[in-house]
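# Architecture and fold: a report
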Amino acid sequence: MAGKVTFFDTNLSFPSNRNTQGFQSASPDTSRFVPQSKAQHELDGSAQAQDQISRCHEKLRSLRPSDSATLKTELNLLFDQLISENYSSSNHDNIHPEVVCEMLMQASRLVPLSQEHLFIKLCQLIHQLLNQLQVIVDEHTLDVLVSYCSRALRTCSSWTHPDVLLALSSLVYGNGSKCQRHLPELLGLSGILVSYGDPVQPDIELRRSAVHCIANLCLSVPGQPYLEEPYKGVCYGILLRTLQSPKPPDVEDIVFCSLLQSALKGMQYFLNGGKWKAIPYQDLGTLLAVLKRFMFYGLPGISVEMPQVLYPAPLPQYETVSAAKPEPSQDSTVQKKTAGSQQNKKRKSRGKGKKAGAEGKRDAEEGEGDEGKSGVDQSVPPASGVTPQLYPSWKKGSSDSEFSDPEGGMQSKLRLYQARVRQSALQCFLAVVKCVEKRILYGYWSSFVPDAPGIGGPPPLTLLTIALKDPSPKVRAGSLQVLSALLEGSRQFLSTAEDTSAPRQAFTPFSATLAAGVRELHRGLLLALVAESSCQTLTQVLKCLAHLVSNVPYNRLRPGLLSPLWKQIRPYIRHRDVNVRVSCLTLFGALVSTQAPLPEIQLLLQQPGSTSALNTPGVRTPQELSHNWRRPGTSSPGAGVEGGPEGPCWLSQLCVSLVTQPREEPYSDSDAGGSGGASLEPSPVRLEALQVLAHLVKGYFSLAQTSLLELGQLSARCLAEQEPSVQLHGAKLLEELGTGIIQQYRADANTPQSAKLVPVCQVVQFWSEVLSGPLISALQNEQHPTLQTSACDTISSILPQAFSQLPDKTQVLCITLLLGLTYSENSLVKSAAVRALGVYILFPCLREDVMFVADTANAILTALDDRSPNVRAKAAWSLGNLTDTLIVNMQSVGLEFQEEFSDMLLLNMLRSATKASGDKDRVKSNAVRALGNLLHFLQPVHLGKPVFEQPLQEAMTALIETVRGDATMKVRWNACYALGNTFRNRSLPLGSAVWSKEAYSALSYVVTSCKNFKVRIKSAAALSVPSTRDCYGDVHQFAEVWQALALALEHSEDTEDFLEYRYCASLRSQLCRALLHLLSVCQPEDLPALRSSLSDQSRPVLQDFLVRYLGDKDVALVAGVDGPAGEEVVDHAAPEDGLMVLNETLTRLKGPLEETACDRSEDLKTVVSFLEDVVRNFEEMKESDSNDSSLQLSKSP
């Protein structure tokens, strides 16, 4: 079907002999001017165009093909009337694409190819209607008209071919995949477009028309397939050769710029067609070299001799830059003009670029104001510390007495076209960044990103060169967009940068080179920030800085990078343009969220509150603002609070004022309609300020906690507003405040000053005010489920100590609302409510309440059967927390809680957890954790009931299959821990049950064969849990466990994955601990199995590992399970305990066990000898270490 899309408008303008006899003269009634609104004018124009197309369509339908002169005259008149209409001046959605397609089809039947002048008018009509009405033709029309144009290219005179190709380009726009039947004729070995688009084609008009047609063939509308091979490769080759070929000597510069722009746009369409593939005809280095050449095309003062290929390398590649070499005539002369004359003359010439209809319109708009918008006061001196050669060249003035007006107009137009080429090259490079893997692009990093300031010579040509020196603000913005795309997601690459250590003299490591590049990026972007005057480009500078800040490892770099940036961006918070203000706040958000808390940011946040400039609309010079910032006595009323570390954070106060305080006056036209309240800041500014507050609270809570109650009131005010986005951000801020308080009170939290914790009474006051406000209404607002979800997350962040002190009715209200929301029809709300209950079940004041535990368990079990995977995942996590609570209550409350807890509910929990263990991995990981807790919780009274027999067997089978299965490693190590947790229940028939042998076999298999060392650690820990020999089953089962642990210890350093080496020490320690535990419980019948493993060549290896285990005092055994907050529990085992176990085992073997093992005396001697050797070697090693320490102390002064 035919449809409408937005066309890419190029600046191609082709000569046409348009007959103006179809123009109608204006009637006398229209001579008097009557003002109309823009909407009314567009409506009238649209209706007039629709009427004219309808009349012409009906007229064309009534005509029949003939050779009469009358038909030719009528067609001339109809075509002139249609061509004379300016369809791009108003909205034409009421003109149906089907009518346009049918009208063009009928016209092609009426116009024979022999009437070339009439045929040319039809080609112009096809181009104008399809382009200005933004119509993509249907397949039938496409097939007919492409065949029509193809025949014309074979039979008509050559002077008609440019217009035919122009019409063909409009027809194939976005239809490349639908032209399969015509592609051999167009792009085959001797195809029309191949011959016309070849660089050897002497006719430049034909060549650029063909390239433009190829570019449109490469474009694919979303949802449609891309151009297929081999034609895709043909297009790429023509476009690349066009870009690589030099300008013919007899071709005008402007015409050649149009050709380059079409080729670059075609290459962009090609790159948007999918991921980059490393195939023979696509060489990335060649393409990047071409794009880099045109990124500087026609840039005043720069002459580039670019290599043919860029090669990936960690070291920079240097181009030959002829800085002092005179430019070609057009560049050298234009460079001498003043900014004022350039601007005035460019304004005069801009109208000339709009003659090609809508296709030229967009390019004219892109160029419009390229230099005009960047016009600044030339009397402003360079920023302090900026050398003249580094100061942006587009800020420098010169003489305007070199040209006459016509000559200046042509030069201005040429500069405009050259800027479009540079902009197209940057857009093409942006497409490369998006379609090529980042790890491949990092090899070319030094070709586009500076690695050090240029010293003693011209600086390298990089994206920063364009951002600083290009006179067009849109080109500067384009370079910053590309740089932002390169920086986005580069954290892992930049993480190797480091310059904190002393510099090396022999060589410069890559980490230092990368760190120098990071510093140069900060310096160059700061220069661009100081010099930029275009609001659109200034926005891109701030966005680029935000991407840079988010990815740089500041903790590995010397301090001082962020302080100059912090000082320079502060005045832009009150910039006149709303987009600049939003971008500035985004940058502040990046600064306070990256690797928080950074000491440098902490100091900057504690600086004096504000200056008068921060409350003044518009931006003053950054130099003046930086001077005022250092004077603490220059603050103005209402600007914030000056204070040191004890006072409120100035950034917090500023963001609060942006959200709540009315603005003094409108800043710019872009603010209109942006705010829910007429006197407040626009919504984007308020939302970004709330995000900054959330980042600030998350990363620097110690600074934000002084304004805790004020921020709570701000959040409540946001929740009370009508705009959903403001409500959501208010709820998010509340959640971060609650999370910050909880982290302060955690026992393992790194709080350097525990005395400065927020008092519990203040936390209670905070939540009392919040829960008595609009948060409860947000929880009940069914019209906004996203807000309900956020509100659930918010009330789950209440400090447990504060929740217990809230009024009883408030506690009941929170619990009742959450229990009710678990039955919501919205899956997001349901999952958030179930997760919140999973948090509440851990509260000490609630976990011993049997009724609350039962109600929560029923809600969780219902959610476990939900069809949404996200709901089931949250329910499984909450079930794991609930079963953790059962274990805690079993230890703290005792039998009283177990007797009150319903047996039927416990049975349902066991069955639901078993069923969930077969779900997706994100559900399974917590389901097996819950199974381990439930099996640990079972008591003899439960095990004696027949109804528990089958569920118990199914639960154990589920755990064993999970341990042996191919699930993710997190699932498997949770399953191993769950088995260990099960083994702690002494009421289970561990040694005699059928599943017992299978469980030991599964753990023995995993401890020796699993590639993940954390899974091995947890399986070894599980094997060391049974407290008595009977739990290990018969002799063969005990021997299997022992041999598996011994084999695992012997090969504990064998791994193919380098990342697993960090767990080697923990694995060895856990294996040694398990082996010593087995020795401590072994019986005489087990000695032959022990002797067999201690008599062969593995004896010295095991002995060495045991000695090292006894002597290692710093090892931590990673043998826990994911806790309630998803954190891993680390078990610190003291080696002294191992030595004590070893000595007790030796005593037992030499005493009572020796008397009962008379028939196994050789086995016993072997085991005892092995253990004595371990103790003796350990004592010798300990004595040797003591002597070495004494010797070092004696030598010290």
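What counts, and at which threshold
- Residues numbered from 1 in each chain as written.
- Predicted model: local features only at pLDDT ≥ 70, side-chain atom pairs only at ≥ 80, totals over all residues.
- Heavy atoms only, no water.
- Helix = DSSP H or I, 4+ residues; strand = E, 2+ residues; numbered from the N terminus.
- Buried < 20%, exposed > 50% of the residue type's maximum accessible area, 1.4 Å probe, protein only.
- Contact = heavy atoms within 4.5 Å.
- Areas by Shrake-Rupley, 256 points an atom, 1.4 Å probe, with all protein chains shown as cover.
- Disulfide = S-S within 2.5 Å.
- Polar contact = N/O pair within 3.5 Å; in protein donor to acceptor, adjacent residues only side chain to side chain.
- Phe/Tyr/Trp six-rings, centres within 6.5 Å; stacked < 30°, edge-to-face > 60°.
- Lys NZ or Arg CZ within 6 Å of the ring centre and 35° of its normal.
- Salt bridge = Lys/Arg side-chain N within 4 Å of Asp/Glu carboxyl O.
- Core = buried A, V, L, I, M, F, W, Y, C linked by side-chain atoms within 4.5 Å.
- Axes fitted to C-alpha atoms, helices over the stretch in contact; angles between N-to-C directions.
- Left-handed = near helix turned anticlockwise from the far one by under 90°.
- Nonpolar A, V, L, I, M, F, W, Y, C, P; charged D, E, K, R; others polar.
- Patch = residues over 30% accessible without salt bridge, like charges linked within 9 Å, V, L, I, M, F, W, Y side chains within 5 Å.
- Expected span 1.5 Å × (residues − 1).
- pLDDT = per-residue confidence, 0-100.
- Parallel < 35°, antiparallel > 145°, perpendicular 65-115°, else oblique.

For the protein chain, an unreviewed UniProt entry supplies the name HEAT repeat-containing protein 6 and the organism Phoxinus phoxinus.

### A short note on the overall build of the protein chain
For the protein chain, the count of helices and strands is 56 helices and 4 strands. Put simply, the protein chain has 1197 residues, and 57% of those count as buried. For the protein chain, contacts bridging at least 24 residues in sequence account for 76% of all contacts bridging at least 6. Roughly 51200 Å² of accessible area belongs to the protein chain as shown, and the carbon and sulfur atoms make up 52% of that amount.

### Remarks on the state of the cysteines
Tallied over the entire structure, the rule returns 0 disulfides. Lacking any disulfide linkage, C156 is separated from the closest cysteine sulfur, that of C123, by 7.9 Å. For C156, a relative accessible area of 7% translates into the label buried.

### Considering the side chain of D499
Summarising the element assignment, D499 is placed in the loop between helix 21 (491–494) and helix 22 (510–531). On the accessibility criterion, D499 (11% relative accessible area) is buried. In terms of polar contacts, D499 uses its side chain to reach the backbone amide nitrogen of R558, at 2.9 Å.

### Some remarks on the packing of aromatic side chains
Scanning the model with the defined rule gives 19 aromatic pairs in all. Between F294 and Y297, the ring centres sit 5.7 Å apart and the planes meet at 50°, which makes this aromatic pair tilted. Like Y297, F294 is buried. One aromatic cluster is present, built from ring pairs that chain together Y442, W445, F493 and F510. Geometry around F270 places K232 over its ring, the cationic atom sitting 5.3 Å from the centre.

### Here's the deal with the pattern of salt bridges
Scanning the model with the defined rule gives 26 salt bridges in all. Measuring nitrogen to oxygen at the nearest pair gives 2.5 Å for the salt bridge that ties E520 to R523. With E520 and R523 both in helix 22, this residue pair falls 3 residues apart, about one helical turn. A salt bridge links R929 to D884, with the nearest nitrogen and oxygen atoms 2.6 Å apart. On the criterion of sequence distance, the pair formed by R929 in helix 44 (residues 921–937) and D884 in helix 41 (residues 869–892) is long-range, its members being 45 residues apart.

### Quick notes on the nonpolar core
Within the largest apolar cluster, 357 residues are counted, with the highest numbers of intra-cluster contacts made by L651 and Y840. Excluding anything up to four places from it in sequence, Y840 contacts I795, S796, I798, F803, C814, I815, L818, L846 and F852.

### What to know about the packing of helix 10 (residues 231–244) against helix 11 (residues 253–271)
Where helix 10 contacts helix 11, the two axes come as close as 9 Å, and the packing angle between them is 145°. Regarding helix 10 and helix 11, the two cross each other, and that crossing is left-handed. Judged by residue contacts, K232, Y236, L239, L240, T242 and L243 of helix 10 engage L259, L260, A263, L264, G266, M267 and F270 from helix 11. Residue composition of the contact of helix 10 with helix 11, by class: 10 nonpolar, 2 polar and 1 charged.

### Some thoughts on the environment of A876
Within the fold, A876 resides in helix 41. Residues A876 and A916 lie 40 residues apart in sequence; the distance between their C-alpha atoms is 7.6 Å. Every residue in contact with A876, bar those within four places of it in the chain, is listed here: L864, V923, N926 and A927.

### Focus: a nonpolar patch on the surface
A cluster of nonpolar side chains, namely F1058, L1059 and Y1061, defines an oily patch on the protein surface of about 370 Å² accessible area. The topology assignment puts L1059 in the loop between helix 50 (1035–1050) and helix 51 (1064–1081).

### Notes on helix 20 (residues 473–487)
Compared with an ideal rise of 1.5 Å per residue, which puts 15 residues at 21 Å, helix 20 spans 21 Å between its outermost C-alpha atoms and is within 8% of the ideal. Most of helix 20 is tucked away, with 13 of its 15 residues classed as buried. After helix 20 finishes, the residue G489 shows a positive phi value of roughly 75°.

### Some points on the environment of L806
In this fold, L806 is placed in the loop between helix 36 (800–803) and helix 37 (808–821). Assessed through its relative accessible area of 3%, L806 is described here as buried. Once the C-alpha coordinates of L806 and L771 are considered, the two residues, 35 residues apart in sequence, prove to be 9.9 Å apart. Once residues lying within four places of it in the same chain are set aside, the contact partners of L806 are V764, W767, S768, L771 and Q811.

### Remarks on unusual backbone geometry
Cis rather than trans, the peptide bond between A596 and P597 has omega equal to 0°. Backbone geometry at Q595 places phi at a positive 50°, although glycine is not the residue there.

### Overview of the confidence of the model for the protein chain
When the pLDDT values of the protein chain are averaged, the result is 78; 77% of them are 70 or greater. The secondary structure element of the protein chain with the lowest average pLDDT is helix 13 (residues 329–334), at 38, and the one with the highest is helix 38 (residues 827–840), at 95. Within the model, pLDDT remains below 50 along residues 393–404, and this stretch shows 38 contacts once partners closer than five positions in the same chain are excluded. A low-confidence stretch, residues 1114–1133 (pLDDT under 50), is modelled with 54 contacts involving residues beyond four sequence positions or located in other chains.

### Remarks on the packing of helix 38 against helix 41
The interhelical angle for the contact between helix 38 and helix 41, taken along N-to-C directions, is 10°, at an axis separation of 8 Å. One element, helix 38, and the other, helix 41, form an angle in the roughly parallel class. Counted together, S827, L828, K830, S831, V834, R835, G838 and V839 of helix 38 and N870, V871, K874, A875, W877, S878 and N881 of helix 41 form the full contact between these two elements. Partitioned by chemical class, the residues of the contact of helix 38 with helix 41 number 6 nonpolar, 6 polar and 3 charged.

### Topic: the side chain of Q788
For Q788, the position within the fold is in helix 35 (residues 785–795). Those residues within four positions of Q788 in sequence are excluded, and the remaining contacts are A778, L779, Q780, N781, E782, L821 and V829.

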